[in-house]
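Chain residues, written in single-letter form:
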Amino acid sequence: MSFKFELYLITDDELLKGRDLKETIQKAIEGGITALQYRSKSPNKSIRQMYEELKILREITREYGIPLIVNDRVDLALAVDADGVHIGQDDLPAEVVRKILG
C-alpha cells in the first residue's frame, strides 16, 4: 500500500488542551490530513495509556487509509501494527530499528 504524505499531523498532548483525542483526529482527517504521527512527551502518561490511545488511532487511521507513525517507541509501533516509527538522534540506531520492524 502506498501512502501520501501531503499533510502530516503530529499529535501533541499540550496542544489538545483537554479535547478528546479520537474526535480531534477524526476531524483532522476529515479536514484533509494524509498522515498521522503519534507523539506523546507527557511525563505523566504511562506506556499503557499511550498504548490505549494508539489502539484508538490505529482503528481510525485504518478506517480512513491514513498511515500511522509512532514517535520514538518501536515497542508501541509493533504493538499496534503501526505503519512506521519516527526515530531521533538519541533513539535506537536506524539499522537496529529496521531489524526489529523488518
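Conventions adopted
Residues numbered from 1 in each chain as written. Predicted model: local features only at pLDDT ≥ 70, side-chain atom pairs only at ≥ 80, totals over all residues. Heavy atoms only, no water. Core = buried A, V, L, I, M, F, W, Y, C linked by side-chain atoms within 4.5 Å. Buried < 20%, exposed > 50% of the residue type's maximum accessible area, 1.4 Å probe, protein only. Helix = DSSP H or I, 4+ residues; strand = E, 2+ residues; numbered from the N terminus. Arc of directions from axis to C-beta. Contact = heavy atoms within 4.5 Å. Patch = residues over 30% accessible without salt bridge, like charges linked within 9 Å, V, L, I, M, F, W, Y side chains within 5 Å. Areas by Shrake-Rupley, 256 points an atom, 1.4 Å probe, with all protein chains shown as cover. Salt bridge = Lys/Arg side-chain N within 4 Å of Asp/Glu carboxyl O. Polar contact = N/O pair within 3.5 Å; in protein donor to acceptor, adjacent residues only side chain to side chain.

Caption draft 1: The arrangement of the nonpolar core in detail. Core analysis: the biggest nonpolar cluster contains 22 residues, and Leu36, Leu54, Leu57 and Leu68 have the highest contact counts within it. Among the secondary structure elements, those contributing two or more residues to this core are α2 (21-30), β2 (35-38), α3 (47-64), β3 (68-71) and α4 (74-79).

Caption draft 2: The arrangement of α2 in detail. Within α2, the full set of buried residues consists of Leu21, Ile25, Ala28 and Ile29. For α2, the angular spread of the buried residues around the axis is 100 degrees, confining them to a single face. Residues of α2 that are exposed and point more than 90 degrees away from the buried face comprise Lys27 and Glu30. Along its buried surface, α2 packs onto β1 (8-10), α1 (13-16), β2 and α3. Positive backbone phi, at 120 degrees, marks Gly32, one or two positions downstream of α2.

Caption draft 3: Spotlight on a nonpolar patch on the surface. A cluster of nonpolar residues, Leu78, Leu92, Val96, Ile100 and Leu101, forms a patch on the protein surface that exposes about 380 Å² of accessible area. Of all the elements, helix α5 (residues 94-101) adds the most residues to the nonpolar patch, at 3 residues.

Caption draft 4: How the structure looks around the side chain of Gln37. Relative to the helices and strands, Gln37 is located in strand β2. A polar side-chain atom of Gln37 sits 2.6 Å from a polar atom in the side chain of Tyr8. In terms of polar contacts, Gln37 uses its side chain to reach the side chain of Asn71, at 2.7 Å. With residues near it in sequence (within four places) discarded, Gln37 still touches Tyr8, Leu9, Ile10, Thr11, Ile69, Asn71 and His86.

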